[in-house]
Amino acid sequence: GENVEQHPSTLSVQEGDSAVIKCTYSDSASNYFPWYKQELGKRPQLIIDIRSNVGEKKDQRIAVTLNKTAKHFSLHITETQPEDSAVYFCAPQAGNMLTFGGGTRLMVKP
Amino acid sequence: GAVVSQHPSWVICKSGTSVKIECRSLDFQATTMFWYRQFPKQSLMLMATSNEGSKATYEQGVEKDKFLINHASLTLSTLTVTSAHPEDSSFYICSAPTGNQPQHFGDGTRLSIL
């Protein structure tokens, strides 16, 4: 099965700084790479995704980069704000099955 | 857009009780649904894959006789936690894939066993 590792497990940044979270996966059949934001007690919310034929995608302050050869993809958040504080998960998908990384707790200090 | 409705959102019950959680796809047909469990401060772990009209596929370490899954229609999958104990207390959440679109998650069920 898919082995997914996510780093770092916790990340504390000052408001306005950038945050980067990296995800490595093992299954070369993975072809869809989403990032989710989860607030306490709520369902994961898709914040950005990328498919295997694209190297980078940006949506305002959020971007995702994919290196399919090296089997890793990263989440980039610029100009962080306190409301970005949450737990973030990568979840590479092979077929129709997602495998979640261990999560990164992001804390943005005002 | 596609919506998955999950009920109940919160359950508190006594040890030994069986609890049923429902997951419905509201405006699309879901031949497959996934059931996850999330313990506090941990990731979402896939428990089983629910397949319409056939038996569910369980992940290693998940007891199929304890976590009963039924997917009798194209819009409804149920997870029944039988004879629940405090160690079964967790956040249970379902999701459904929709072709080439991102998966749709239910709102989750917080289960607390006293």
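Calculation notes
Residues numbered from 1 in each chain as written. Chains lettered and ligands numbered in written order. Predicted model: local features only at pLDDT ≥ 70, side-chain atom pairs only at ≥ 80, totals over all residues. Heavy atoms only, no water. Helix = DSSP H or I, 4+ residues; strand = E, 2+ residues; numbered from the N terminus. Rg over C-alpha atoms; globule rule 2.2 N^0.38 Å. Buried < 20%, exposed > 50% of the residue type's maximum accessible area, 1.4 Å probe, protein only. Contact = heavy atoms within 4.5 Å. Lys, Arg positive; Asp, Glu negative; His and termini not counted. Charge placed at Lys NZ, Arg CZ, Asp CG, Glu CD. 1 Å grid on protein atoms, 1.4 Å probe; cavity = no way out; pocket = protein on both sides within 12 Å on 5 of 7 lines; lining within 4 Å. Points joined across faces, edges and corners; volume = space filled by probe spheres on them. Buried area = accessible area lost by both parts, 1.4 Å probe. Salt bridge = Lys/Arg side-chain N within 4 Å of Asp/Glu carboxyl O. Polar contact = N/O pair within 3.5 Å; in protein donor to acceptor, adjacent residues only side chain to side chain. Nonpolar A, V, L, I, M, F, W, Y, C, P; charged D, E, K, R; others polar. Pairing = 2+ DSSP bridges.

> I would appreciate a short explanation of the overall build of chain B in the present structure.
Helix and strand content of chain B: 0 helices and 11 strands. When the helices and strands of chain B are placed in sequence order, the string is β-β-β-β-β-β-β-β-β-β-β. Taken over C-alpha atoms, the radius of gyration comes to 13 Å for chain B, in line with the 13 Å a tight globule of 114 residues would show. Projecting the C-alpha coordinates of chain B onto the three principal axes gives extents of approximately 40 × 25 × 20 Å. Within chain B, the fraction of its 114 residues that count as buried is 50%.

> Help me understand the overall build of chain A, please; the structure alone is not making it clear to me.
Looking only at helices and strands, one finds 0 helices and 12 strands in chain A. For chain A, the spread of C-alpha atoms along the principal axes amounts to about 40 × 30 × 20 Å. Split into buried and exposed, the 110 residues of chain A put 43% on the buried side. Contacts in chain A between residues at least 24 apart in sequence constitute 53% of all its contacts with a sequence separation of at least 6. Within chain A, the 12 negative side-chain charges are centred at a point lying 3 Å from the centre of the 12 positive side-chain charges.

> Would you mind going over the layout of surface pockets with me for this structure?
Think of a ball as big as a water molecule: rolled over the atoms, this probe shows where empty space is left. Here the largest pocket is characterised by a volume of approximately 430 Å³. Along the wall of the largest pocket there are 24 residues; nearest its centre are V87 and R105 of chain A together with Q38, K41 and Q42 of chain B. Secondary structure elements with two or more residues in the lining of the largest pocket: β9 (86-90) and β12 (104-109) of chain A. The element best represented in the lining of the largest pocket is β12 of chain A, accounting for 4 residues. The computed volume of the second largest pocket comes to approximately 370 Å³. What lines the second largest pocket is a set of 18 residues, among which E2, L98, T99 and F100 of chain A together with L46 of chain B lie closest to the centre.

> In this structure, what is going on with the interface of chain B and chain A? I would like to understand it.
Frequently, the measure chosen for interface size is the accessible area that the parts lose on association. Across the contact, 22 residues belong to chain B and 19 residues belong to chain A. Where chain B abuts chain A, roughly 1500 Å² becomes buried across the two surfaces, and 54% of that area is made up of carbon and sulfur atoms. For the interface between chain B and chain A, the tally reads 1 salt bridge. Here R43 of chain A ties to D107 of chain B by a salt bridge, and the two come within 3.3 Å at their closest N and O atoms. Inspection of the chain B/chain A interface yields 5 residue pairs in polar contact (both at pLDDT 80 or more). Among the elements of the structure, β4 (32-38), β5 (45-51), β9 (90-98) and β10 (101-105) of chain B are those that each provide at least two residues to the side of chain B that touches chain A. Among the residues making up the side of chain B that touches chain A, the classes are represented as 10 nonpolar, 9 polar and 3 charged.

> In this structure, what is going on with the pairing of β5 of chain B? I would like to understand it.
Within a regular strand, side chains alternate between the sheet's two faces. Residues and elements named next belong to chain B. In terms of burial, β5 is a largely internal element, 6 of the 7 residues being buried. Counted between consecutive antiparallel strands, the loop separating β4 from β5 contains 6 residues, among which K41 sits at a positive phi close to 60 degrees. From the end of β5 to the start of strand β6 (residues 57-58), which pair antiparallel, there are 5 residues, and G53 there has a positive phi angle of about 80 degrees.

> Would you mind showing me how to read unusual backbone geometry here?
Trans peptide bonds make up most of the peptide bonds, and negative phi angles are found at most residues other than glycine. Residue and element names in this part refer to chain A. Look at the link from H7 to P8: it is a cis peptide, with omega at -5 degrees. Within the fold, P8 resides in the loop between β1 (5-7) and β2 (10-14). One non-glycine residue, Q60, lies in the positive phi region at around 55 degrees. Tracing the chain through its elements places Q60 in the loop between β6 (56-59) and β7 (62-67). The class of Q60 is exposed, set by a relative accessible area of 72%. In the Ramachandran plot, K71 falls in the positive-phi region, its phi being about 60 degrees despite a non-glycine side chain. Locating K71 in the fold gives a position in the loop between β7 and β8 (72-77).

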